[in-house]
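So the chains spell out like this:
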Amino acid sequence: MALYKYLISAINKKEDLFMELSKFVDKLPIPKKLCPKYKGHGWSYYEIRMKEFKQKLHRDLGETTLWGYEGCYPGPTIEVRKREKVLIKWINELPDKHILPVDKTLHGAEHDVPEVRTVVHLHGANVEPDSDGHPEAWFTRDFKVRGPKFATKIYEYTNDQPATALWYHDHALGITRLNVYAGLAGMYIIRDKYEDKLNLPSGEYEIPLVIQDKMFKENGELYYPEQPDNPPPGLPNPSVLPAFTGDVILVNGMVWPYHEVEPRKYRFRVVNASNTRFYNLKLSQEGDATAPPWYQIGSDGGLFDIPVPMTSLILAPAERADLIVDFTDFAGKKIQMLNDAVASDDPTHSIMEFRVTKKLKGEDKSYLPSHLCHVRRIPEYKACKVRDLSFGAVNDPNYPRPLFLLDNKMWSDPISETPDLGSVEIWRLINPGQFPHPLHIHLVQFQILDRQPFDVERYNATQGKELVFTGGRVLPDLNERGWKDTVRAEAGFVTRIISRFIDFSGQYVWHCHILEHEDHEMMRPFLVKEPDRH
């Protein structure tokens, strides 16, 4: 219990703002779309540089030193077509010294490796292992690499999957939380002919929203704590935090921005790019309980069968949501996007503001169809294996801090998950803790089957030997019934997911997407094997 109190105090600790920042005084930036360097029939080639630069993130802040793709934060949006072959040369032009505190006691970030390392993961992509962004496939500015097993200069993305919004971010072992927090994140959108025919809002009426939380020093520079509040004796300095939540919210690299819209339908491609923070998104009209109608039409892996009307939306780290908001009847109004996961007097209760102040340029001919696509369910009888995989917490054997593990194994332990290429498996994610973990599996898009409560006390007392259910199975929420690559493994529940391991064999990883957990052992490799032909 002391372990969990330590974690929760770190999540909930409140520090005074380094300076009072006004809300809704800066316009929402729209990330630029990146053009390929070369383009041929069915293929495109990009060169994308990771750079250090300065960018203004609020009217009253000085310029902030950041790291970003192509020298901007968030990185530029990459748009591709389904089955378009995309080649990207990721180029590290970052300095040798990190701008944030590096804990060199973590596996993968020791003193004998370069302090600044990068490797890019296209989150949600169906891609071969050498282009997946394996956490040990890092490279430096002079292209010193971890080793020939994973190293590659040019990544290849086949984009052989339905239209959806993915995102790309750094994935270097032991420093992912720092690199993403420094700004190494951007959106990657796949288009296809089927989605084109739906006539959804597009062009200037389709807007990416990359949401993160941060803290700043008085001079405008990023602040990331070297240690948790009231660190125990013997804790290294710097030390990885058990969790991190900032005191300001940024959207597309601007603190609490506003966006002027027309009285019509808009499409928002939302990604929670925060290290730890969960959001419960809600729309609210200033001074009025009435809010515009809004619908979720897709999640991580693409469109739903039908639009889902929303009043609120839980978004865990790394989850995406494809939203339609109809401002038609709200001309002249101000609509705020709120985070209902915190109290209304908490500054992070606010996310951004929409101002319905622009004149309608013409008739809104976009459409919200009653049927979007057909999401084919994977039948449970197709599963050839069911795996029980637990989430656990222990004390770090070397330092006075918590250590969160998957199935009670460390990153370096032998691979234990070895699905056959082409097989279907059900994974039962058992969470006997006191808070949810967002679980991400590389390579595959899966489907959530259900969640079922169990006797946590008995499970823990028997060290996981007795799993006794205390209630029936609960179907996933309506907006969780599409394709997913990240799932909330809720505390006190067994969350069942089903997946088909197709297209590529080789080594991938699965991990908690609370980045502080991922960097501190809550990540495991898995191996997709070629089936035995004999």
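What you see is a predicted model; the values in this text were computed from it and never measured.

**Section: unusual backbone geometry**
With the exception of glycine, the majority of residues adopt a negative phi angle, and the majority of peptide bonds are in the trans configuration. Note that the residue after Tyr73, namely Pro74, is joined by a cis bond; omega there is -10°. Note that Pro74 resides in the loop between strand 3 (64-69) and strand 4 (75-81). Note the cis peptide between Asn237 and Pro238, where omega equals 5°. Take Pro238: it is sitting in the loop between strand 11 (222-223) and strand 12 (248-251). Of note, the phi angle at Asn199 is positive, near 60°, even though the residue is not glycine.

**Here we look at the side chain of Arg264**
Summarising the element assignment, Arg264 is placed in the loop between strand 14 (258-260) and strand 15 (265-272). Here Arg264 falls in the buried class, since its relative accessible area comes to 6%. Residues contacting Arg264, with those up to four places away along its chain left out, are Pro201, Tyr205, Val325, Asp326, Phe327, Thr328, Leu360, Asp364 and Ser366.

**Some details on the sheet that holds strand 9 (residues 185-191)**
Read from one edge to the other, the open sheet built from four strands follows the order 4-9-8-6, with strand pairing classed as mixed. Lying at the two open borders of the sheet, with one neighbouring strand each, are strand 4 and strand 6 (120-123). Neighbouring strand axes in the sheet, compared pairwise and without regard to direction, differ in orientation by 20° on average. Bridge count between strand 4 and strand 9: five bridges; the pairing is parallel. Within the sheet, the bridge partner assigned to Ile78 lies in strand 9 and is Tyr188.

**Focus: the side chain of His58**
Inspection of the secondary structure puts His58 in the loop between strand 2 (43-55) and strand 3. A polar atom in the side chain of His58 sits 2.7 Å from the backbone oxygen of Ser22. Setting aside chain neighbours within four positions, we find His58 in contact with Leu21, Ser22, Val25, Asp26, Met254 and Val255.

**Points about the packing of aromatic side chains**
Evaluated as defined, the whole model comprises 22 aromatic pairs. Centroid distance Phe268 to Phe354: 5.0 Å. Interplanar angle 45°. Geometry classified as tilted. Separated by 86 residues along the polypeptide, Phe268 in strand 15 and Phe354 in strand 22 (residues 350-355) bring together distant segments of the chain. A single burial state applies to Phe268 and to Phe354, both of which are buried. Ring centres of Tyr508 and Phe526 lie 5.9 Å apart, and the angle between their planes is 25°; this geometry places the pair in the stacked category. Of the two residues, Tyr508 is situated in strand 30 (residues 506-512) and Phe526 in strand 31 (residues 523-528); the sequence distance between them amounts to 18 residues. No difference in accessibility class separates Tyr508 from Phe526, as the two residues are buried. Following the ring pairs from residue to residue traces out a cluster consisting of Tyr205, Tyr266, Phe268, Phe327 and Phe354. The ring of Trp138 has Arg117 sitting right over it, with the charged end atom 5.5 Å from the ring centre. Over the aromatic face of Tyr181 sits the side chain of Lys214, whose NZ or CZ is 4.4 Å from the ring centroid.

**Considering the sheet that holds strand 28 (residues 486-489)**
The strands making up a sheet associate through backbone hydrogen bonding, with each pair oriented either parallel or antiparallel. Here we have four strands laid out as an open sheet, ordered 28-26-30-31, and antiparallel in their pairing. Across the chains shown, the open sheet's two edge strands, defined by having one partner strand only, are strand 28 and strand 31. Strand after strand, the sheet turns through a mean of 25° between neighbouring axes, direction not considered. Two strands pair when backbone bridges link them, and strand 30 and strand 31 are joined in this way by six bridges, in the antiparallel orientation. Bridge pairing links Gly506 to Val528 in strand 31.

Cut-off values and rules
- Residues numbered from 1 in each chain as written.
- Predicted model: local features only at pLDDT ≥ 70, side-chain atom pairs only at ≥ 80, totals over all residues.
- Heavy atoms only, no water.
- Helix = DSSP H or I, 4+ residues; strand = E, 2+ residues; numbered from the N terminus.
- Buried < 20%, exposed > 50% of the residue type's maximum accessible area, 1.4 Å probe, protein only.
- Contact = heavy atoms within 4.5 Å.
- Pairing = 2+ DSSP bridges.
- Axes fitted to C-alpha atoms, helices over the stretch in contact; angles between N-to-C directions.
- Polar contact = N/O pair within 3.5 Å; in protein donor to acceptor, adjacent residues only side chain to side chain.
- Phe/Tyr/Trp six-rings, centres within 6.5 Å; stacked < 30°, edge-to-face > 60°.
- Lys NZ or Arg CZ within 6 Å of the ring centre and 35° of its normal.

Geometric descriptors of this kind do not, in isolation, establish any biological role.
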